[in-house]
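Architecture and fold: a report
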Amino acid sequence: MLKIYNSLTQQKEFFKPIESGKVKLYVCGPTVYDFCHVGNARSFTAFDGIVRYLHFRGYDVVYVRNITDIDDKIIKRANENHEDFNVIVERFTAAFREDMQQLNLLTPTHEPRATECIPHIIAMIEKLISNEYAYIAANGDVYYNVRRFSSYGCLSHRNIDELESGARVEISDIKNDPLDFVLWKMAKPDEPSWESPWGKGRPGWHIECSAMSARFLGETFDMHGGGKDLIFPHHENEIAQSEGSTGKKFVNYWLHAGYLQIDKEKMSKSLGNFFTIRDVLQDHSPEALRYLFISGHYRSPLNFSKELLEQSRHSLERFYTVLRDVPPTSEEWNDSKYEKEFIDAMDDDFNTPVALSVLFELAHEIQRLREKDLNRAMKYAMVLKKLGGVLGILQDDPLHFFQGKKDVDVEKIEKLIAARNRARAEKNWAEADRIRKELSDLSIVLEDGASGTSWKKNC
């Protein structure tokens, strides 16, 4: 059975869906004011892998990942650029989707935008006011009354006095308490705004996710995910809002992805120690980046460097070499101890590092069987490709993988290889070595085998 580490209880629990065979999952998506950095991508990739595995295990998954398209950061960037905020939003939403497609991430079942859910946000705030969990401040803003919610702090596992003394909260005479957070902000000049019972304004960040998740998944659902940095205050506030408005449990299982680090420090835009996905993919393949992400457990911190990306590329080469040398059979075959071991690993809180070690053992077995039992080796190759697909890797054509996707003059390379083969046939070793050197200078690596000469791009 699948076991999941639940941030709420701080322990692994057997997963029991609310509705048999169906999983409802919400993941906090991007705030679209800039290009997505690889620290964000690590979190999104982790949950993509979880969705893929749930599909593999036969669950019908309703996967919601939102777009935050109204926020202080977006307004600030629009003002800095002297652009309409909608222009900023459309540009970076399109860029985000392009980046996710590059990384081979599945498209969510629903990808709502906050501005599409304004009526749902207003309705939830009205209910919170009615239930006395929210109040209208003197300046017209609507705030959540944190001390009214007795379970506040349940996710971050701190009591309310610790949160007040340790959290970076906005201090204002307008609020009843320093921990109270805004649900609706009154309109300011030259800012986007919407009509509401409290006057023209816009939603606070936290209420957006509560309203969007309720709209698409209901008042109580199975899983909620995001980066660990969202535990407090964002996810803590989501619980307070949602349970304050419905009186029901909000989420059964909370999952949080670990930080991506550079020099043992969290990668973030606020610290300025980040690389955008686009920066990285200029020199490295999307599959190598994805492999790096899954090489560590999704809950653990993971170091990022170009050296580790190169190691990821070499690991992928080992797998693709096997798939090139032993083409997978198209025949379905389920009698595989490796598949069982893979499932055991992933059932243990989606343990991708152990799952990858199973795939390496499988690749070694395929190579061992290659000369002894090719039919069985091809069946195992099919299993390797199938299980790799669960992790979002090994789906490229091996020839395509090795020969690169861009900046490669295939016709020139093939002509040089043909010329080298002629030189070797004529025992003109000096000319053959010269051509091999010319190809090496083009970062082309030759591999001579019984079936002829193959080549790959040395990235």
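You'll find the structure just up there.
Keep in mind the model is a prediction, meaning the values are calculated, not measured.

Attention shifts here to the nonpolar core. Judged by nonpolar contacts, the single largest core of 73 residues is most densely connected at Val38, Tyr144, Tyr152, Leu183, Leu289 and Phe304. Setting aside residues no more than four positions away along its own chain, Tyr152 makes contact with Val146, Arg158, Ile160, Leu163, Phe181, Phe232, Glu236, Asn237 and Ala240.

Looking now at the side chain of Arg202. Along the chain, Arg202 turns up in strand β8 (residues 201–203). Among the polar contacts listed, one links the side chain of Arg202 to the side chain of Asp72, at a separation of 2.7 Å. Not counting chain neighbours up to four residues away, the residues in contact with Arg202 comprise Ile70, Asp71, Asp72, Ile75, Trp184, Lys185, Glu191, Pro192 and Trp194.

Turning to the pairing of strand β3 (residues 22–27), a few remarks are in order. Judged from the six bridges that link them, β3 and strand β4 (residues 60–65) form a sheet pairing that is parallel. The partner of Lys22 across the bridge, within β4, is Asp60. Once you follow β3 into helix α1 (residues 38–56) and on to β4, the crossover reads as right-handed. Pairing between β3 and strand β9 (residues 221–227): three bridges, direction parallel. In the sheet register, Tyr26 faces β9, and the bridge partner there is His224.

Once that is clear, we can look at helix α12 (residues 352–369). Two residues of an α-helix separated by three or four positions point the same way, owing to the 3.6 residues in each turn. Here α12 spans 25 Å end to end across 18 residues, near enough to the 26 Å set by a 1.5 Å rise per residue. Taken together, the buried positions of α12 are Thr352, Ala355, Leu356, Val358, Leu359, Leu362, Ala363, Glu365, Ile366 and Leu369. Looking at the buried residues of α12, the elements they touch are α9 (286–294), α10 (306–325), α11 (337–347) and α13 (374–390). Between a side-chain oxygen at the N-terminus of α12 and the backbone nitrogen of Val354 the separation is 3.4 Å; the capping residue is Asn351.

Parameters at a glance
- Each chain has its residues counted from 1, following the order in which its sequence is written.
- For a predicted model such as this one, the threshold for reporting local features is a pLDDT of at least 70, and the threshold for listing and counting side-chain atom pairs is 80 or more; totals across whole chains, interfaces and linings nevertheless cover every residue.
- Computation of side-chain values covers all heavy atoms of the structure but excludes hydrogens and water.
- By convention a nonpolar core is built from buried Ala, Val, Leu, Ile, Met, Phe, Trp, Tyr and Cys residues, the set being connected through side-chain atoms within 4.5 Å.
- Exposure categories follow from relative accessible area, calculated using a 1.4 Å probe and restricted to protein chains: below 20% of the type maximum is buried, above 50% is exposed, and the middle band is partly exposed.
- Contact criterion: two residues are considered in contact whenever any of their non-hydrogen atoms come within 4.5 Å of each other.
- Helix and strand definitions follow DSSP, with helices as H or I runs of at least four residues and strands as E runs of at least two, each counted in order from the N terminus.
- Any pair of nitrogen or oxygen atoms within 3.5 Å is treated as a polar contact; in protein, a donor-acceptor pairing is required on top of that, and neighbouring residues in sequence qualify only through side-chain atoms on both sides.
- Pairing between strands is defined by DSSP: at least two bridges between the two strands are required.
- Orienting the strands away from the viewer, one traces the path from the first strand over the helix to the second; a clockwise path indicates a right-handed crossover.
- Expected helix span is given by 1.5 Å per residue-to-residue step, counting one fewer step than there are residues.

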